[in-house]
Amino acid sequence: TTGHGPALIRVARPHEGFAVALELFGPKRIRPAAGIHPRAVVEPTATIHPEASIGAGATIGERTSIGARTVIHPGVVIGPDAEIGADTEIHPNAVIYDHTRIGDRVVVGAGSIVGFDGFGYVNMADGSYRKVPQVGIVVLEDDVEIGANVTIDRATVSETRIKKGVKLDNLIQVAHNVSIGEHTVMAAQSGIAGSTTLGRMNIVGGQAAITGHITTVDQTIIGAQAGVSKSITKPGLYMGYPARSSREVLKLEAATRSLPDLIERVKHLEEQLEELRVKE
């Protein structure tokens, strides 16, 4: 602009422009210096790229590989035979269990647990429960971002897969054998039960619950606190419990709001009918 007023930059997508401006002009996050801290525990068979940075007290298991420019913060535990790509950042006190596969440019938030056992038990004849061994893995593809205190369970026999570009907020549960499609985003305190597959570019609101062994199509939106109990086969917004299309939910809401008036009308009609019976 001209004069002494504030500078104005017009962009087609303001939120995207705001993100770019913060990257350019905002304060830079401080990352640990490159190299292995003396108080880190690295098994001799681990492969650490010279440009990777391992923080104090981190533990790197045997046969694990860490890629170039990847940062492992203090207190992180990485089990044996894990693979972590380049330019990835694992924040303090996260736990990456054995055989986990993590791609490039991935972020795992503080306190998150990737690859712990899924919730698998078989009910025995005497009423007790026997654990089903969880021998699968977790795969986090490139550009995935995991918030703080997220839990992603390893698969029973194959893999739990979080696909490219997925963003998970804090405090999310992803159960065993789940697959989350590319560029899907999930808000805090939401959860997915086992063996469910989400399509590409889904949006899941906070505290939403998705049952197991179902699927959603691409570009599905699940509203906050919704409960998804069956597969979703058409794109769109789904709300409520059990989750329904937004149009159906709004119809039900309108009908519910009219119930008090309907009840009064029915009472009035009943009174009129009773008066007619008395006259007869």
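Please refer to the structure higher up on the page.
About the criteria used
- Residues numbered from 1 in each chain as written.
- Predicted model: local features only at pLDDT ≥ 70, side-chain atom pairs only at ≥ 80, totals over all residues.
- Heavy atoms only, no water.
- Salt bridge = Lys/Arg side-chain N within 4 Å of Asp/Glu carboxyl O.
- Buried < 20%, exposed > 50% of the residue type's maximum accessible area, 1.4 Å probe, protein only.
- Helix = DSSP H or I, 4+ residues; strand = E, 2+ residues; numbered from the N terminus.
- Pairing = 2+ DSSP bridges.

A. Inspection of the pattern of salt bridges at higher detail. One pass over the full model with this rule turns up 17 salt bridges. Residues Glu16 and Arg13 are paired through a salt bridge, measuring 2.7 Å at the closest nitrogen-oxygen approach. For Arg13, a relative accessible area of 57% puts it in the exposed group. Where Arg101 meets Glu83, a salt bridge forms, and the shortest distance between an N and an O atom there is 3.7 Å. Highlighted residues: Arg101 in strand S12 (residues 101–102) and Glu83 in strand S9 (residues 83–84), separated in sequence by 18 residues. Here the residues in one salt-bridge network are Arg105, Asp142, Asp143 and Lys164, joined through shared partners.

B. Molecular detail of the sheet that holds S12. Taken together, eight strands build an open sheet; the order of strands is S3-S6-S9-S12-S17-S20-S23-S26 and the sheet is parallel. Whereas interior strands pair on both sides, the edge strands pair on one side only; in this sheet they are strand S3 (47–48) and strand S26 (197–198). Note that strand S6 (residues 65–66) and S9 share two bridges and pair parallel. Its bridge partner being in S9, Ser65 is matched across the sheet by Glu83.

Everything listed here is a matter of coordinates, which is why it stays silent on function.
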